[in-house]
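# A closer look at the structure
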Amino acid sequence: MVSIKRRLLLGALSAGVAIGALAVTGPAGATTAGRPKPTVVLEHGAFADASSWNGVIEELRRDGYPVVAAANPLRGPANDAAALRSVLDHVKGPKILVGHSYGGSVISIAGANDPEVKALVYVAAFLPAPGETALELTNKFPGSTLPDALDPAPFTLPGGGTGTDLYIKADKFRHQFAADVPAGPAALMAATQRPIAQSALEEKAEVAAWQDKPSWDIVTTQDLNIPAAAQRFMAERAGARVTEVRASHSVAVSHPKIVARVIENAARATAR
């Protein structure tokens, strides 16, 4: 006889409830042009968590796409790409890999040499070439006001020594990160933000999946974190299909329909 606890667990799994660090949603067996729809794997960036994709997930689910929102450790591109690779290895079949902000650095590594990753979608994101850092790309063009909004916090490294975590100051968060998000949700985002290790922004990229995979890019023209000029430079270099949006850095929160539409365009264009 199946226990009540086991019945509840089975029910949760069949309903697509978040389990641990993974949130898997959407119907199995959904199709695009007669083929199974790819799973959309979402990687958040610094000063955010996987819930920043909630609006996008709702749009994608409504259109029948299975979705996984991964938890990004925000410790460094190589480390975080390894964590994302474990997610990709767990998800079977074709995938569309999406990265916001620093998450773009992560998907550029994790998506390399994986034939099941059919397309990359960058959302107000970094597209570093091998040898480049996020900090270097941010400073390549003027316009970022992030340094003055940061709140550094020291932490002890596992092997000894001290690292630095970076937060955005609560009273500057909305203006800096989410100016077009209503005040209430922006305040919640500020309270739940996850810090990034300063060293992660200074770590050089090892590979760039966009060099041999089709890419789409959402450029945010009101972005105070990554200047629009820097975003355009990276997108053009990658040969990405670009959608420009008059939005803050938090475009996935303020314009989820647009972000979902670009992701679905990538899915349809690479269906085979």
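Right above here is the structure, for reference.
Residues numbered from 1 in each chain as written. Predicted model: local features only at pLDDT ≥ 70, side-chain atom pairs only at ≥ 80, totals over all residues. Heavy atoms only, no water.

## Digging into unusual backbone geometry
Glycine aside, residues mostly have negative phi angles, and peptide bonds mostly take the trans form. Put simply, the test is: Under the DSSP-based scheme used, a helix requires at least four consecutive residues in state H or I and a strand at least two consecutive residues in state E, with every element numbered from the N terminus.
One non-glycine residue, Phe-47, lies in positive phi territory at about 65 degrees. Summarising the element assignment, Phe-47 is placed in the loop between β4 (39–43) and α2 (54–62). Within the chain, Asn-113 stands out as a residue other than glycine whose phi angle is a positive 60 degrees. By the element assignment, Asn-113 lies in the loop between α4 (103–110) and β7 (117–123).

## So, the side chain of His-100
This is how it is decided: Residue burial is assigned from relative accessible area. The probe radius is 1.4 Å, only protein chains are included, and a residue is buried under 20% of its type maximum, exposed over 50%, and partly exposed in between. Counted as a polar contact is a pair of N or O atoms within 3.5 Å, where, for protein atoms, one must be capable of donating a hydrogen and the other of accepting one, and residues adjacent in sequence contribute only when both atoms are in side chains.
Mapped onto the elements of the fold, His-100 is located in strand β6 (residues 95–100). The exposure class assigned to His-100 is buried, which follows from its relative accessible area of 5%. Here the side chain of His-100 touches His-249 through a polar contact of 2.8 Å, landing on its backbone oxygen.

## A look at helix α8 (residues 183–192)
Quick note on the threshold: What the arc covers is the set of directions going from the helix axis to the C-beta atoms. Residue contacts are counted whenever heavy atoms from the two residues lie within 4.5 Å of one another.
Residues Ala-186, Met-189 and Ala-190 constitute the buried set of α8. Viewed along the axis of α8, the buried residues span an arc of 100 degrees, placing them on a single side of the element. Opposite the buried face of α8, by more than 90 degrees, sit the exposed residues Leu-188 and Ala-191. Close packing links the buried residues of α8 with α7 (173–177) and α11 (251–254).

Purely spatial values, then, with no claim about function.
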